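So the chains spell out like this:
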Amino acid sequence: MTQAVLDTTTETLRQALIAHYETHRKETPPHAVFCARYHGTTITIYQSGKVLFQGAHATEEAARWQEAAPTTKTATATSPTASAATPQSAASALPANFHQWAIIGSDEAGTGSYFGALTVCAAFASREQLAWMRELGVKDSKQFSDAQIAQLAETLRNTLPHVLLVVSPPKYNDIQPTMSQAKMKAILHNHAIAKLLQQLGATEPEAILIDQFEPPRTYFKHIADEPQRIRDRVYFATKGEQHHLAVAAASIIARDAFVTSLATLSKQAGCTLPSGAGANVDQVAAKLLRQHGDQALRQYAKYHFANTAKARKGV
Ligand code: MG
């Protein structure tokens, strides 16, 4: 099941959330102040101020509110500064001049899209490469067209040490029934970072910054059974690409790999597979279902998304 969290929220934001989901309100669980079920997703506001989104459209629903959540401006560190006495919700900012450090940045793409792969990239940028990237115009991948992304991604792939992991829909659908998407993402990030550290050998990054998609505590719980757990100097920040260009580079490489997977799968499917999880996606899914049956959706899409059920209704 997909899960997304807004770690710290203002009273104003919580009121806005309640007003928005009021008509879908359901019974409030312990330690919560509000709970609603909307669009296949359960939204729970806890007494701590934390808001949890669980279900098929968790990422999408949370994204509506992320802009307004104060966590988008802060970051949480797990080490070396965070101690057991530091509550995770009290987000501490990144160290001074962090944007100038030589770090590994890690980000993913395709998580909210029904069609296409899930991609994760970890990229290392030295202090010298940071200046070069600024000149190149590296920034948030969402601000570029697909064509610009393709060009930038190629340059970055040729220059920066990186590890790119691509989980194709069939592979994703094999794993997903026994693992939440959030856990899959955490394992992929950890794996990409571990592999990159190995590649870098004697070159030691000053830190690692993961574009935050869940609280650090949950992230580390998810990777608890992994043979190699990277914990040292790992920082988390929402909108990580704004905090460091290594994350921006990773997001561009990951995004490009997702766009490429969508193009490749479209060719195989014989029609354009749109990104996202909206109504246009349901229509294409219904068409595939009519023409090629269930197998086509397992081949090209993240099968557990609510779009599958909606496509069936549209057949
Ligand atoms: Mg991200």
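The structure presented is a predicted model; accordingly, all values stated were derived computationally and were not measured.

### What about the overall build of the protein?
And then number 1: Broken down by element type, the protein carries eleven helices and ten strands.
And then number 2: Computed over the C-alpha atoms, the radius of gyration of the protein is 20 Å, within 12% of the 20 Å expected from 2.2 N^0.38 for a compact globule of 315 residues.
And then number 3: For the protein, the spread of C-alpha atoms along the three principal axes comes to 55 × 50 × 35 Å.
And then number 4: In the protein, which comprises 315 residues, the proportion classed as buried is 53%.
And then number 5: Looking at the protein alone, contacts between residues at least 24 apart form 70% of all its contacts between residues at least 6 apart.
And then number 6: Seen as two clouds, the 31 positive and the 26 negative side-chain charges of the protein have centres 5 Å apart.

### Brief notes about the nonpolar core
One recurring pattern in soluble globular proteins is that nonpolar side chains are buried together.
And then number 1: Residues Phe115, Met133, Leu273 and Leu288 are the most contacted members of the largest nonpolar core, which totals 82 residues.
And then number 2: Considering every element that reaches this core, the biggest residue donor is helix α8 (residues 245–269), with 14 residues.
And then number 3: Not counting residues up to four positions away in its chain, the partners in contact with Phe115 are Phe258, Leu262, Leu273, Pro274, Val281, Val284, Ala285, Leu288, Tyr300, Ala301 and Lys302.
And then number 4: Counting 15 residues, the second-largest nonpolar core is a separate cluster that includes Ile18, Phe34, Ile45 and Val51.

### Comments concerning the coordination of the magnesium ion
And then number 1: Within the first shell, the magnesium ion binds the protein through Asp107 (OD) and Asp211 (OD), at distances of 2.1 to 2.2 Å. One end of the pair, Asp107, is in strand β6 (residues 103–109); the other, Asp211, is in strand β9 (residues 207–211), with 104 residues separating them in the sequence. Taken as a pair, Asp107 and Asp211 share a single burial class, namely buried.

### Topic: the packing of helix α1 (residues 11–21) against helix α2 (residues 58–66)
And then number 1: Across the interface, α1 lies against α2 with an axial gap of 11 Å and an inter-helix angle of 135°. When the axis of α1 is compared with that of α2, the two are oblique. Between α1 and α2 the crossing geometry is right-handed. Contacts between α1 and α2 pair Leu13, Ala16, Leu17, His20 and Tyr21 from the former with Glu61, Arg64 and Trp65 from the latter.
And then number 2: Here the contact of α1 with α2 is composed, by residue class, of five nonpolar, one polar and two charged.

### A short note on helix α6 (residues 181–200)
The α-helix winds at 3.6 residues per turn, so residues separated by three or four positions along the chain end up facing the same way.
And then number 1: Spanning 20 residues, α6 covers 28 Å between terminal C-alpha atoms, matching the ideal 28 Å at 1.5 Å per step.
And then number 2: A large share of α6 lies buried, amounting to 14 of its 20 residues.
And then number 3: Two residues or fewer after α6 comes Gly201, characterised by a positive phi angle close to 60°.

### Here's the deal with helix α11 (residues 307–314)
And then number 1: Regarding α11, the residues found buried are Asn307, Thr308 and Ala311. In a view along the axis of α11, the buried residues occupy a sector of 100°, so they form one face of it.
And then number 2: Contacts made by the buried residues of α11 are with α9 (279–292) and α10 (294–300).

### What to know about the environment of Gln268
And then number 1: You can see Gln268 is positioned in helix α8.
And then number 2: Classification of Gln268 as partly exposed rests on a relative accessible area of 47%.
And then number 3: As a C-alpha pair, Gln268 and Ser141 span 127 residues in sequence and 26 Å in three-dimensional space.

### Remarks on the side chain of Glu226
And then number 1: Structurally, the position occupied by Glu226 is in the loop between α7 (216–222) and β10 (234–237).
And then number 2: Nearest to the buried, unbridged Glu226 among oppositely charged side chains is Lys183, at 6.9 Å.

Reading the values: the criteria
- Residues numbered from 1 in each chain as written.
- Predicted model: local features only at pLDDT ≥ 70, side-chain atom pairs only at ≥ 80, totals over all residues.
- Heavy atoms only, no water.
- Helix = DSSP H or I, 4+ residues; strand = E, 2+ residues; numbered from the N terminus.
- Rg over C-alpha atoms; globule rule 2.2 N^0.38 Å.
- Buried < 20%, exposed > 50% of the residue type's maximum accessible area, 1.4 Å probe, protein only.
- Contact = heavy atoms within 4.5 Å.
- Lys, Arg positive; Asp, Glu negative; His and termini not counted.
- Charge placed at Lys NZ, Arg CZ, Asp CG, Glu CD.
- Core = buried A, V, L, I, M, F, W, Y, C linked by side-chain atoms within 4.5 Å.
- Donors = N, O, S within 2.8 Å, 3.2 Å for Na, K, Ca; no water.
- Axes fitted to C-alpha atoms, helices over the stretch in contact; angles between N-to-C directions.
- Parallel < 35°, antiparallel > 145°, perpendicular 65-115°, else oblique.
- Left-handed = near helix turned anticlockwise from the far one by under 90°.
- Nonpolar A, V, L, I, M, F, W, Y, C, P; charged D, E, K, R; others polar.
- Expected span 1.5 Å × (residues − 1).
- Arc of directions from axis to C-beta.
- Salt bridge = Lys/Arg side-chain N within 4 Å of Asp/Glu carboxyl O.

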